[in-house]
Amino acid sequence: MGWEEKQVRGYLEFVQTAQRYHGRPIFALFCGDKDAAGKSWCPDCVTAEPVVRKELHNMPDESVFIYCLVGDRTYWKDPNNEFRKNLKLTGVPTLLKYGTPQKLVEEECFKAELVRMLFTED
Amino acid sequence: EAAKYEKKVMVLDFVMPTPLGNSWGLGGTCVNVGCIPKKLMHQAALLGQALQDSRKYGWQFTEEVKHNWMTMTESVQNYIGSLNWGYRVSLREKNVTYENAYGEFVGPHTVKATNKRGVEKLYTAERFLIATGERPRYLGIPGDKEYCISSDDLFSLPYCPGKTLVVGASYVALECAGFLAGLGLDVTVMVRSILLRGFDQDIANKIGEYMEEHGINFIREFVPIKVEQIEEGTPGRLKVTAKSTTGNQIIEGEYNTVLLAIGRDACTRKIGLDKVGVKINEKTGKIPVNDEEQTNVPYIYAVGDILQDKLELTPVAIQAGRLLVQRLYGGATSKCDYVNVPTTVFTPLEYGACGYSEETAVEKFGEENIEVYHSHFWPLEWTVPSRDNNKCYAKIICNIQDNERVIGFHVLGPNAGEITQGFAAAMKCGLTKEQLDSTIGIHPVCAEV
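Residues numbered from 1 in each chain as written. Chains lettered and ligands numbered in written order. Predicted model: local features only at pLDDT ≥ 70, side-chain atom pairs only at ≥ 80, totals over all residues. Heavy atoms only, no water.

Asker: Just checking my understanding: could you explain the packing of aromatic side chains for this structure?
Answerer: Within a pair of aromatic rings, the relevant descriptors are the distance that separates the centres and the angle that separates the planes. Residues and elements named next belong to chain B. Summed over the entire model, instances satisfying the criterion amount to 13 aromatic pairs over all chains. An angle of 90° between the planes, with centres 6.3 Å apart, marks the rings of Phe-14 and Tyr-102 as edge-to-face. Taken together, the residues span a long stretch of sequence, with Phe-14 in the loop between β1 (10-12) and α1 (28-33) and Tyr-102 in strand β3 (residues 101-107) at a distance of 88 residues. With a relative accessible area of 23%, Phe-14 lands in the partly exposed category. Since its relative accessible area comes to 18%, Tyr-102 is described here as buried. Ring plane angle 15° and centroid distance 4.5 Å describe the contact between Phe-409 and Phe-423, whose orientation is recorded as stacked. Here Phe-409, found in strand β22 (residues 405-412), pairs with Phe-423, found in helix α12 (residues 416-428); they are 14 residues apart in sequence, far enough to count as distant. (Phe/Tyr/Trp six-rings, centres within 6.5 Å; stacked < 30°, edge-to-face > 60°. Helix = DSSP H or I, 4+ residues; strand = E, 2+ residues; numbered from the N terminus. Buried < 20%, exposed > 50% of the residue type's maximum accessible area, 1.4 Å probe, protein only.)

Now the structure itself:
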């Protein structure tokens, strides 16, 4: 069947989408919001996104890739935002395999090999 | 470490599943089925005790406090999972090739790696380092592999073990018995002869006494001869038949879980060492090495629990491995110092030690040449909740002929590990009794004793 992508914005949408695909491998990339021109306020996210997208074909069949915009910079910097509190995210970009402790944070997302490892790890 | 020196490195890590089908990720015994989950579960038990004590300190709560095995196990396994992943990322970032495959020698400088799907690959290398560790030993009696569990299974057990029989008197057995009882389970320990072989026996007996006074049953001088299943389940019900070691008496008991902790065997028999001529001790399976961790085959090295006559501790293996690589590729000369390595047993009453036990000191130096200073103490924190007076204990063993140098340090009490670490450093510097006496104590802490 291959894989599919879902684009969401904000914590609530993310959780709803993840729940809907419960039972399938779910990978999520969290990035800062993009402006009207499509550029994120988070420079690392701008670097990481193409690297991650290039490796998506390595995800196992039936996977769901959730591309999640977390919010604007102020929201992100708030130490109590839901992503930090509930998903324990510490930085953007974060690429993780939902429901496991496997994740890559910030510069780790720039490395194609690490991204590939995350997608193909048993 | 080797990758730091720009060497091309590969790691072959494969876990043979337990008889019950259990396996785990990268990190070895300590991370997955040893020190890490053990300490976390020990902590869970200590917290239970703390909750009880807290009432005397004024905390008021009316509900009964209960323990949920699944919640604890899930948290512990989650943490271990993050460690496994961390190691994968770390190896990858340092360009170390990792294969989840079973490695064995097939010829000079050549290793065969078989993954879990049975696919084989051959690799050659300039040098090899064996660090395959050990696995729990089974009794070799009917029902042992089918119905008993070992420490390999305990820390990820998907159901609460219930009423448990722990067979063995090693630190693994006592630590597990200790935290299981601390979590509220009915625990019995079946001991063949003595407790904590190899450790100071005076202290070993105090540990046993403390555990007994705190509700852990001990059956001494018996060994199981048969384990049968009465009822299947998670947990099920098992019947254990045991025979006395001193006579013909037979006893029977019923338990939900039987945990075997009677020793560990080195994983050296099935890795093709004979194909490359590496000598092992046929009886124990351990590998003798020189003081540079080299086996009798010059390009093959070994570290860790599989070494003959060396301490089976994670930090020792790590240090030996690091120094080895620094000597091989970094031009360093330091060898691993196996003397005065501190260690701690995390039984309910923790025991920290560094250096000689009293028996070994007497044997080596002669009773007239050593002086033992000891003291019982009552931790301040235990006074308010009226916990045991006079159970905690500390002793040092000094060599009279060498300026009363401290050659053995033993402490039995809370946070023993934290206390011991500092004294180990002092002993490395040649601590003498006089220096110890002239060091003013921190008050009020246990360590001031």
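Additional details are given in the paragraphs that follow.
Asker: Which parts of the structure should I look at to understand the UniProt feature "active site" (unreviewed entry) in chain B?
Answerer: Taken from the UniProt record, the annotation "active site" (unreviewed entry) applies to His443(B). Considering the arrangement of structural elements, one finds His443(B) in the segment after α13 (433-438). (UniProt positions renumbered as here; feature names shortened; annotations may be inferred.)

Asker: Which parts of the structure should I look at to understand helix α3 (residues 69-93) of chain B?
Answerer: Given 3.6 residues per helical turn, the α-helix brings residues three or four places apart onto the same face. Residues and elements named next belong to chain B. Between the first and last C-alpha of α3 there are 36 Å, a value that for 25 residues agrees with the 36 Å anticipated at 1.5 Å per step. Of the residues making up α3, those classed as buried are Trp-69, Met-72, Thr-73, Val-76, Ile-80, Gly-81, Leu-83, Asn-84, Trp-85, Arg-88, Val-89 and Leu-91. Two or three places before Met-70, at the opening of α3, Asn-68 has a side-chain oxygen 2.9 Å from that residue's backbone nitrogen. One or two residues past the end of α3 sits Asn-95, with phi positive at roughly 65°. (Expected span 1.5 Å × (residues − 1). Polar contact = N/O pair within 3.5 Å; in protein donor to acceptor, adjacent residues only side chain to side chain.)

Asker: What exactly am I supposed to notice about the pairing of strand β12 (residues 222-231) of chain B here?
Answerer: Remember that side chains alternate between the two faces of the sheet whenever the strand is regular. All names here are of chain B. Where β12 and strand β13 (residues 237-244) come together, eight bridges link them in antiparallel fashion. The residue bridging Glu-231 from the neighbouring strand is Arg-237, located in β13. What sits between β12 and β13 in their antiparallel hairpin is a turn of five residues, with Gly-233 showing a positive phi close to 155°. (Pairing = 2+ DSSP bridges.)

Asker: Before we go on, may I ask you to explain the pairing of strand β19 (residues 351-355) of chain B in this structure?
Answerer: Residue and element names in this part refer to chain B. In terms of burial, β19 is largely enclosed, as four of its five residues are buried. Across three bridges, strand β18 (residues 343-345) lies against β19 in antiparallel orientation. When the sheet's bridge partners are listed, Thr-344 is paired in β19 with Gly-352. Connecting β18 to the next strand, β19, in antiparallel fashion are five residues. As paired elements, β19 and β22 share five bridges and run antiparallel to each other. Along β22, the bridge assignment pairs Cys-354 with Phe-409.

Asker: What's the story with the environment of Thr110(B) in this structure? I'm lost.
Answerer: Residues and elements named next belong to chain B. Secondary-structure assignment places Thr-110 in strand β4 (residues 110-115). Between the C-alpha atoms of Thr-110 and Lys-433, which are 323 residues apart in sequence, the distance is 53 Å. Beyond its immediate sequence surroundings of up to four residues, Thr-110 is in contact with Glu-104, Phe-105, Leu-122, Tyr-123, Thr-124 and Phe-128. (Contact = heavy atoms within 4.5 Å.)

Asker: Hey, could you run me through the side chain of Glu49(A) in this one?
Answerer: All names here are of chain A. Position of Glu-49 relative to the elements: it lies in helix α2 (residues 43-55). Reaching out from Glu-49, the side chain makes a polar contact with the side chain of Lys-34 at a distance of 3.0 Å. Beyond its immediate stretch of four places on either side in the chain, Glu-49 contacts Leu-29, Lys-34 and Tyr-67.

Asker: Help me understand the packing of α2(A) against helix α5 (residues 112-120) of chain A in this model?
Answerer: Residues and elements named next belong to chain A. Their axes nearest at 9 Å, the elements α2 and α5 cross at an angle of 45°. In terms of axis orientation, α2 runs oblique to α5. Classified by chirality, the crossing of α5 by α2 is right-handed. Along the contact surface, α2 presents Val-51, Val-52 and Glu-55, while α5 presents Ala-112, Val-115, Arg-116 and Phe-119. Its residues assigned to classes, the contact of α2 with α5 comprises five nonpolar, no polar and two charged. (Axes fitted to C-alpha atoms, helices over the stretch in contact; angles between N-to-C directions. Parallel < 35°, antiparallel > 145°, perpendicular 65-115°, else oblique. Left-handed = near helix turned anticlockwise from the far one by under 90°. Nonpolar A, V, L, I, M, F, W, Y, C, P; charged D, E, K, R; others polar.)

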